[in-house]
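Results of the structural survey
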Amino acid sequence: MPIPTIHVGCRHFGHGRLQALVNCKGLEPVACVDIDVEGSRVAIGTLTGDVPADLADRVYTSITEARQRHEASVCLIFASTTAHEALVVESLGLGMHTLCVKPIACSQDEFRSMIAAHRKRPDLMLVQGQNKRWNPAAAKMREWLREENGIGEMIGGECRFWIRQNLWTGKDTRQPDAFVEGLYFHAGASHQLDQLVAAKGLPAYVTARVHKREDVELGQTGVWGTAGGNALMEYANGACVSYAGTRAGHANPFGWSGHWTFQGERGDIRRDAGHLQLFRKDECVEDVQLQDLHAGLIEDDRIQFDALADAITTGKDRDWMGHSLDTWVLMEALNASARTLERVDVGALRASLFA
Ligand SMILES: NC(=O)c1ccc[n+]([C@@H]2O[C@H](COP(=O)([O-])OP(=O)(O)OC[C@H]3O[C@@H](n4cnc5c(N)ncnc54)[C@H](O)[C@@H]3O)[C@@H](O)[C@H]2O)c1
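Throughout, a residue's number is its position along its own chain's written sequence, starting from 1. Local features in this predicted model are restricted to residues whose pLDDT is 70 or higher, and side-chain atom pairs enter the listing and the counts only when it is 80 or higher, whereas totals over whole chains, interfaces and linings include all residues.

Examining the nonpolar core
Put simply, a nonpolar core is buried Ala, Val, Leu, Ile, Met, Phe, Trp, Tyr and Cys residues tied into one set by C-beta atoms within 7 Å. Whether a residue is buried, exposed or partly exposed follows from its count of other C-beta atoms within 10 Å of its own C-beta, namely 20 or more, 12 or fewer, or something in between, respectively; the C-beta atoms are built from the backbone. Judged by nonpolar contacts, the single largest core of 94 residues is most densely connected at Ile6, Val8, Cys75, Ile77, Leu330 and Leu334. Formed jointly, this core draws a minimum of three residues from each of two domains, domain 1 (3-129) and domain 2 (136-302 + 326-353). Working definition of a contact: two residues with C-beta atoms, positioned from the backbone, lying within 7 Å. If we skip the residues at most four places from it in the chain, cysteine 75 touches Ile6, Val8, Ile63, Ser91, Met96 and Thr98. All domain edges in this entry derive from an automatic or database-based domain assignment.

Examining the sheet that holds strand E16 (residues 283-289)
Strand order across the open sheet formed by nine strands is E16-E15-E14-E13-E7-E12-E11-E8-E17, with mixed pairing between neighbours. In this open sheet, the two strands that pair with only one neighbour each are E16 and strand E17 (344-345). Pairing of strand E8 (residues 205-210) with strand E11 (residues 228-234), which is carried by six bridges, proceeds in the antiparallel orientation. Counterpart to tyrosine 205 in the pairing with E11 is glutamate 234. For helices, the fitted line uses only the C-alpha atoms of the stretch in contact; every axis is such a line through C-alpha atoms, and the angle between N-to-C directions lies from 0 to 180 degrees. Think of it this way: any DSSP run of H or I at least four residues long counts as a helix, any run of E at least two long counts as a strand, and we number them from the N terminus. Contacting strand E7 (154-162), strand E13 (259-264), strand E14 (268-272), strand E15 (275-280) and E16, helix H6 (residues 136-146) crosses the sheet at an angle of about 15° to E15. Packing of helix H8 (residues 183-200) onto the sheet brings it into contact with E7, E8, E11 and strand E12 (240-246), and relative to E12 it is tilted by some 150°. Being paired, for any two strands, means DSSP has found at least two bridges between them.

Examining helix H11 (residues 325-340)
The span expected for a helix works out to 1.5 Å for each residue beyond the first. Taking 1.5 Å per residue as the helical rise, H11 with its 16 residues ought to reach 22 Å, and the 23 Å between its terminal C-alpha atoms agrees with that figure. The buried fraction of H11 is high, at 12 of 16 residues. What H11 keeps buried is the set Leu325, Thr327, Trp328, Val329, Leu330, Met331, Glu332, Ala333, Leu334, Asn335, Ser337 and Ala338. Within two residues after H11, leucine 341 carries a phi angle of roughly 60°, on the positive side.

Structural notes on the domain arrangement of the protein
You can read the domains of the protein as domain 1 (3-129) and domain 2 (136-302 + 326-353). Averaged C-alpha coordinates put domain 1 and domain 2 at centres separated by 26 Å. Taken together, the contacts link 19 residues of domain 1 with 15 residues of domain 2. Within the residue set of the side of domain 1 that touches domain 2, elements represented by two or more residues are helix H1 (13-23) and helix H5 (108-120). A per-element tally of the side of domain 1 that touches domain 2 places H1 first, with five residues. Only Asp, Glu, Lys and Arg are considered charged, only Ala, Val, Leu, Ile, Met, Phe, Trp, Tyr, Cys and Pro nonpolar, and every remaining residue, Gly among them, polar. Class assignment for the residues of the side of domain 1 that touches domain 2 results in eight nonpolar, eight polar and three charged.

Let's talk about the sheet that holds strand E4 (residues 74-77)
If you walk across this open sheet you meet the six strands as E3-E2-E1-E4-E5-E6, and the pairing is parallel. Each edge of the sheet is formed by a strand with only one pairing partner; in this case those strands are strand E3 (59-60) and strand E6 (126-129).

Description of H8
Remark: the principal bend of H8, roughly 70°, maps to serine 190. One or two positions beyond H8, positive phi appears at glycine 201, with a value near 75°. One fitted axis covers the seven residues ending at a residue, a second covers the seven starting there, and the bend at that residue is the angle between these axes.

What follows is the structure, encoded as structure tokens:
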């Protein structure tokens, strides 16, 4: 039986996620929430597949109202970033497993408030939604980083990310990513580095810097920490992974997944989007072309939603999915380092956020 689910945020990015929810087998939309009810009804009318007949008539302006009228045990949140904290706290308070798209929080205060709400209901899952860890190419890179058939102990690695992203949403309006300080690491770099956290967990220490970039055409007006950044992440075994990324570039040579190399005791990895190669002793022992990001990321999120349903019903990967919050911790550690120009102890920051 699919799990009855409330979906928050029906237009723009959320619209594709609603399609992913319709497409998935483990969850089922029973009600929607959006402050724009009429716009949401129109958006629901364009969904395809097995859409519940009267879903467009079940759009509410608050999660509380939706939950009062419909039985549901999961809530998926895809509203604007600045609304996440209140929505996550409300959803957990109503007793629902909650997945909120990255960045789940804009500040340490917001993050702590969600952790406090979660502490009252530790039986519920709280997940920071990410999509780029879920496609077959990302799963293969994770397998080679973690499993017996891969590179063995990681010695080092690097990731490059380089795109030109327009942050304007209208003549005078921009995504929060353009004006909330620190949202480059939280909303841009998190897509690549979540894949590192998913495979190797948190590094012990980080050092980072942010780019200063003004490009009005892109909505980049030089707000601190919104354009790009560089980082060095040191793991407990001494392995370092370096990162160089921008979403305010002059071209779009790389996709959102990032381009990667890793060196290990027993092999090396090279990944360019869906093309992955594993090298051992001068030979390429595996060379595969796999599905990387799906158009509109709909299939990536469909896989994520089915994994969430599985984690709730069978417990499979439940802890691992819960550790998606660690990606937020890592991004915050990078911002902390870039602000203070200091090397940051990630474990200590994590402990203070979960205290
Ligand atoms: N690849 C990705 O994972 C990816 C890509 C794009 C956007 N996002 C994230 O998705 C989220 C939504 O982005 P967007 O550009 O669609 O945002 P948006 O501002 O267009 O909002 C999306 C929807 O949420 C609704 N909404 C806003 N505030 C609300 C509230 N308080 N309660 C209920 N509904 C509310 C809006 O009416 C709209 O329909 C952001 O957090 C963004 O970072 C993720």
